[in-house]
Amino acid sequence: MTTESTGPVLHMRGITKAFPGVRALDGVDLEVAPGEIHAICGENGAGKSTLVKILSGVHPHGSYRGEILFEGEPCRFRDIRASEARGIVIIHQELALIPQLSIAENIFLGNERAGRGGIISWSETLRETEALMRRVGLAGEHPQTPVAALGVGKQQLVEIAKALAKRVKLLILDEPTAALNDEDSRELLRLITGLREQGIACVLISHKLNEVRQVADTVTILRDGRTVETLPMATTSEDRIIRGMVGRELEQFYPERTPYTGERAGQVALAVSDWTVRHPLDQQRRVVDSVSLEVRYGEILGLAGLMGAGRTELAMSVFGRSWGRYERGTVAVHGHEVSTRTVSDAIGAGIAYVTEDRKTYGLNLLDTIARNISLAALPRVARRGFVDEHAETRVAEGFRASMNIKTPTVFEPVGRLSGGNQQKVVLSNWINTGPEVLILDEPTRGIDVGAKSEIYTVIDQLAAQGKAVIVISSELSELLGVCDRVATMTAGRLTGILDRAEATQEALMRLMTGTDEQTGAGA
């Protein structure tokens, strides 16, 4: 199905937007055809999210320069409601659902179906909800199921059903698969291509270039707030997109490993033995089951597994027993058994953990970059029980330079940074503790290819300095690119450890699915 219009459904011309100290957009142009999936790619900070916030009315008319034409008519959106009235709906990376409300209530929140006297007609609401749920592939759920009972993948489908209820003509999806597993991502991408067949245009923002190439018709590349080029996806390679995004070839995307040759080379830095943890609510269920593994000084050990394998649960429980109910097991650092009963104990033992959810657990988004970098090691910048702000600033400025954190000042709120720069702040915070062992949980999730390459270099440098590094990642190519060995988990158990020379995606997948489990893999 296609619309009768032959011109673009959307034309943004000369869009320019400035914030204090930075020009986010500088004369950006964007055209989207009816029924087209149009991808926008660029590094973090390139201006992608700012552009779609202007389009959706988050940044109202008058706060930017330039012109928006929708279906050939000039638009001056004052707010989100005004853009939605024209059929433009945005789904943000952080879902805007209320967990305690039902699927039906979320879909029609603010868009209620009223009966006589203005009272909500629940029969009509439920009837329309069921139709929308069938349309997006949620027919197996009940309309009155609380959203909190759904997985993230199904919550994304509720968001799309919510958009369809508003008679959407242009759907904007900002990193829609960032928090999804592979199966949920495939289902969502199939739904997006199905919307194209219904004549609904989509603007897709994603760092996952393989997914962009799979579903998009056209790609517009932004760099430093400017339009670099717009290309047909059918004849555009992933390398071409990367070159446009970063302004250079990424011939060495993964840095060549620099070996550690210090006096501790080959010695075991961290040894976890028989580690067993039960679910915090369902205490009959072991989420980490008798795991034993070692990582050496100067080594990067990968940890792979499907969703629910227990990777994050293992890391968080070792780091101060931050998750679950500890049952048994020991942790040794440099051959000495240590207590990790609390986070303070773990830090004192030389262990650091960079969470997979930087915005919820890794950062105080309202505080400054300087304060966020010093948080985990306040004693290092304290004098007589008070924070020495000059010392704190010196530390932050050092990391700003060494980590290439793009910011006009370390006194900027960290919430204003791009995702890649936020991740560099989180890393700086934990590197500042001077750890022996650094556990990185999804360290490149939701960041662009340029920032990924920089973080891979940081990981290599840490190992070259003698740090023991554990990298948890859902991207097997990432683990194969940066790690010396890769351990696999399934259903809370360690199923194997492969050296870099023998590790392949196929071999790892067999171990992750339990079809080729090795015995004694924890040694």
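Numbering of residues begins from 1 in every chain and follows the order in which that chain's sequence is written. Only residues with pLDDT of at least 70 are given local features in this predicted model, and only at 80 or more are side-chain atom pairs given and counted; all residues enter the totals for whole chains, interfaces and linings. Each side-chain value is derived from all of the structure's non-hydrogen atoms; neither hydrogens nor water enter the calculation.

By the naming in an unreviewed UniProt entry, the protein chain is Sugar ABC transporter ATP-binding protein, taken from Streptomyces radicis.

Draft legend 1. View of the overall build of the protein chain. Assigned secondary structure in the protein chain consists of 17 helices and 22 strands. The buried share of the protein chain, reckoned over its 523 residues, is 51%. Methods summary: accessible areas were calculated by the Shrake-Rupley approach with a probe of 1.4 Å, and residue burial reflects only the protein chains presented. Of the roughly 23,300 Å² of accessible surface on the protein chain, a fraction of 48% belongs to carbon and sulfur atoms. Think of it this way: any DSSP run of H or I at least four residues long counts as a helix, any run of E at least two long counts as a strand, and we number them from the N terminus. Only protein chains enter the calculation, and the probe is 1.4 Å; a residue is then buried if its accessible area is under 20% of its type maximum, exposed if over 50%, and partly exposed in between.

Draft legend 2. Representation of the packing of aromatic side chains within the structure. Aromatic rings from Phe, Tyr and Trp, taking only the six-membered ring of Trp, are treated as a pair when their centres fall within 6.5 Å; an angle between ring planes under 30 degrees marks them as stacked, one over 60 as edge-to-face, and anything in between as tilted. Under the defined criterion, the tally for this structure stands at four aromatic pairs. Consider the rings of Tyr254 and Tyr456, whose centres lie 4.9 Å apart with planes at 35°: the pair is tilted. Remark: Tyr456 occurs in helix H15 (residues 449–464) and Tyr254 occurs in the loop between helix H8 (238–246) and strand S11 (268–278); sequence separation between them is 202 residues. Over the face of the ring belonging to Tyr326 we find Arg321, whose NZ or CZ atom lies 3.7 Å from the ring centre. We count a charge as sitting over a ring when the NZ of a lysine or the CZ of an arginine lies within 6 Å of the ring centre and within 35 degrees of the ring normal.

Draft legend 3. Structural view of unusual backbone geometry. Despite not being glycine, His334 shows a phi value in the positive range, around 55°. Note on placement: His334 falls in the loop between strand S14 (325–333) and strand S15 (336–338). Take His334: its relative accessible area is 29%, and that puts it in the partly exposed class. A positive phi angle, near 55°, is found at Asn404, a position not held by glycine. Checked against the element boundaries, Asn404 lands in the loop between helix H13 (389–402) and helix H14 (419–431).

Draft legend 4. Representation of the pairing of strand S10 (residues 226–232). At least two bridges found by DSSP between two strands is the condition for calling them paired. When strand S9 (residues 218–223) meets S10, the two strands line up antiparallel, connected through six bridges. Across the sheet, residue Thr218 finds its bridge partner in S10, namely Pro232.

Draft legend 5. Summary view of the domain arrangement of the protein chain. All domain edges in this entry derive from an automatic or database-based domain assignment. Per the domain assignment, the segments making up the protein chain are domain 1 (10–246), domain 2 (269–350 + 435–515) and domain 3 (360–434). Taken over C-alpha atoms, the centre of domain 1 sits 34 Å from the centre of domain 2. Here, residues are in contact when the closest pair of their heavy atoms is within 4.5 Å. Contacts between domain 1 and domain 2 engage 10 residues on the former and eight residues on the latter. Accessible area that two parts lose when put together, evaluated with a 1.4 Å probe and summed over both, is termed the buried area. Summed over both sides, the interface of domain 1 with domain 2 buries roughly 760 Å², with 61% coming from carbon and sulfur. Area buried by domain 1 at its contact with domain 2 is led by Asn44, Asn181 and His207, which between them contribute 43% of it. Just to be clear on terms, a salt bridge is a Lys or Arg side-chain nitrogen sitting within 4 Å of an Asp or Glu carboxyl oxygen. Our count for the contact surface shared by domain 1 and domain 2 stands at zero salt bridges. What qualifies as a polar contact is a pair of N or O atoms within 3.5 Å, subject to a donor-acceptor requirement within protein and to the restriction that residues adjacent in sequence count only when both atoms come from side chains. Taken together, the connections running from domain 1 to domain 2 amount to zero residue pairs in polar contact (both at pLDDT 80 or more). Of the residues forming the side of domain 1 that touches domain 2, the biggest block, three residues, is contributed by H8. A class-by-class count of the residues in the side of domain 1 that touches domain 2 yields five nonpolar, four polar and one charged. Put simply, Ala, Val, Leu, Ile, Met, Phe, Trp, Tyr, Cys and Pro go in the nonpolar bin, Asp, Glu, Lys and Arg in the charged bin, and everything else, Gly too, in the polar bin.

Draft legend 6. Structural context of the sheet that holds strand S4 (residues 65–70). Strands sit in the order S2-S1-S4-S5 across an open sheet of four strands; the sheet is antiparallel. If you trace the sheet from one side to the other, it starts and ends with strand S2 (22–32) and strand S5 (73–74), each paired once. Taken together, the five bridges between strand S1 (residues 10–19) and S4 define a ladder with antiparallel strand orientation. Across the sheet, Thr16 pairs through a bridge with Arg65, a residue of S4.

Draft legend 7. Quick look at the packing of H14 against H15. Their axes nearest at 10 Å, the elements H14 and H15 cross at an angle of 15°. Here H14 lies roughly parallel to H15, going by the angle between them. The two elements H14 and H15 meet at a crossing, and its hand is right-handed. Along the contact surface, H14 presents Gly420, Gln423, Lys424, Leu427 and Ile431, while H15 presents Ala451, Glu454, Ile455, Val458 and Leu462. In terms of residue class, the contact of H14 with H15 is made up of six nonpolar, two polar and two charged. Axis geometry follows a simple rule: fit a line to the C-alpha atoms, using only the stretch in contact for helices, then measure angles between N-to-C directions, giving values from 0 to 180 degrees. Working definition: roughly parallel below 35 degrees, roughly antiparallel above 145 degrees, roughly perpendicular at 65 to 115 degrees, and oblique for all remaining angles. Crossings are classed by handedness, with left-handed meaning an anticlockwise turn of the near helix from the far one by less than a right angle and right-handed meaning a clockwise turn.

Draft legend 8. Spatial organisation of the packing of helix H4 (residues 122–136) against helix H5 (residues 152–165). In contact at an axis separation of 9 Å, H4 and H5 are set at 120° when each is read in the N-to-C sense. By the angle between their directions, the pair H4 and H5 is classed as oblique. The two elements H4 and H5 cross, and the hand of that crossing is right-handed. Contacts between H4 and H5 pair Leu132, Arg135 and Val136 from the former with Leu157, Ile160, Ala161, Leu164 and Ala165 from the latter. For the contact of H4 with H5, a count of residues per class yields seven nonpolar, no polar and one charged.

Draft legend 9. Looking closely at the nonpolar core. Of all hydrophobic cores here, the largest spans 77 residues; its most connected members are Leu270 and Leu314. Broken down by element, the residue count for this core peaks at seven residues, all from H15. When residues of this core are assigned to domains, at least three map to each of domain 2 (269–350 + 435–515) and domain 3 (360–434). Those residues within four positions of Leu314 in sequence are excluded, and the remaining contacts are Trp275, Val288, Val291, Leu293, Leu303 and Met489. Counting residues in each nonpolar core, the second largest holds 47 residues, with Phe108, Leu150, Ala161 and Leu195 among its members. As used here, the term nonpolar core means buried Ala, Val, Leu, Ile, Met, Phe, Trp, Tyr and Cys residues forming a set that is joined through side-chain atoms within 4.5 Å.

Draft legend 10. Molecular detail of the side chain of His59. Within the element layout of this structure, His59 appears in the loop between helix H1 (48–55) and S4. The class for His59 is buried, based on a relative accessible area of 16%. Filtering out sequence-adjacent residues up to four positions away, His59 remains in contact with Lys17, Phe19, Thr50, Lys53, Ile54 and Tyr64.

Draft legend 11. Quick look at the confidence of the model for the protein chain. You can read pLDDT as the predictor saying how much it trusts each residue, on a scale of 0 to 100. Looking at the protein chain, pLDDT values average 89 and 96% of them are 70 or higher. A low-confidence stretch, residues 1–5 stays under pLDDT 50, and its non-local contacts, those more than four residues away or across chains, total seven contacts. Note that pLDDT drops below 50 for residues 519–523; the model gives that stretch 11 contacts with residues more than four away or on any other chain.

Draft legend 12. Molecular detail of the pattern of salt bridges. Under the definition given, this model contains 29 salt bridges. Across the pair Arg113 and Glu128 runs a salt bridge, and its minimum N-O distance is 3.1 Å. Here Arg113, found in the loop between helix H3 (103–107) and H4, pairs with Glu128, found in helix H4; they are 15 residues apart in sequence, far enough to count as distant. Note that Asp217 is salt-bridged to Arg196, the shortest N-O span being 2.9 Å. Placement of the pair is Asp217 in the loop between helix H7 (209–215) and S9 and Arg196 in helix H6 (residues 182–197), with a sequence separation of 21 residues.

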